[in-house]
Amino acid sequence: MVGVEDAVVIDDIAATAADRARFKHELLQKELDLLRARLDIIRSQVRVVAKSGVTWANASARSQLTSYPWTKLGALAASSFLVTRALRTLRLGPELRRPFN
């Protein structure tokens, strides 16, 4: 952004409307370049944060489930799905069947 001491009066620099427009265009182009640079910095920071999150999740799973943690988590998810599906096929009383419907 342009500070008070950096402010330039466009009328002092350029006399014609075309010169003023060109000068405004250059200023906007420089601001756009600065915004793109800031966006690149933010993108790289997001990559670092995402990578550290994945590293943390992997380390946490390995510390809790020892070897082959993702296989164990997948097997746990699949088995809980199958058990839930089997429990839904049981004939329970009308008051116990599908309580959330």
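## Overview of the overall build of the protein chain
Part 1 of the argument: A tally of helices and strands in the protein chain yields 3 helices and 0 strands.
Part 2 of the argument: Ordering the α and β elements of the protein chain from the N terminus gives α-α-α.
Part 3 of the argument: Put simply, the protein chain shows about 9200 Å² of open surface, and 64% of that area lies on carbon and sulfur atoms.

## Notes on the pattern of salt bridges
Part 1 of the argument: The full count for this structure, using the stated rule, is 3 salt bridges.
Part 2 of the argument: Here Arg36 makes a salt bridge to Asp33, at a shortest N to O gap of 4.0 Å. Here Asp33 and Arg36 lie together in helix α2 (residues 17-65), a separation of 3 residues that amounts to about one turn.
Part 3 of the argument: The class of Arg36 is partly exposed, set by a relative accessible area of 47%.
Part 4 of the argument: Assessed through its relative accessible area of 39%, Asp33 is described here as partly exposed.
Part 5 of the argument: For Asp40, the salt bridge identified is with Arg43, shortest N-O distance 3.8 Å. With Asp40 and Arg43 both in helix α2 and 3 residues apart, this pair spans about one turn of that helix.

## Considering α2
The α-helix winds at 3.6 residues per turn, so residues separated by three or four positions along the chain end up facing the same way.
Part 1 of the argument: Spanning 49 residues, α2 covers 71 Å between terminal C-alpha atoms, matching the ideal 72 Å at 1.5 Å per step.
Part 2 of the argument: Every buried residue belonging to α2 is among Phe23, Ser60 and Ala61, and all of these are buried.
Part 3 of the argument: Following α2 by one or two positions, Thr66 adopts a phi angle in the positive range, close to 50°.

What counts and how
- Residues numbered from 1 in each chain as written.
- Predicted model: local features only at pLDDT ≥ 70, side-chain atom pairs only at ≥ 80, totals over all residues.
- Heavy atoms only, no water.
- Helix = DSSP H or I, 4+ residues; strand = E, 2+ residues; numbered from the N terminus.
- Areas by Shrake-Rupley, 256 points an atom, 1.4 Å probe, with all protein chains shown as cover.
- Salt bridge = Lys/Arg side-chain N within 4 Å of Asp/Glu carboxyl O.
- Buried < 20%, exposed > 50% of the residue type's maximum accessible area, 1.4 Å probe, protein only.
- Expected span 1.5 Å × (residues − 1).

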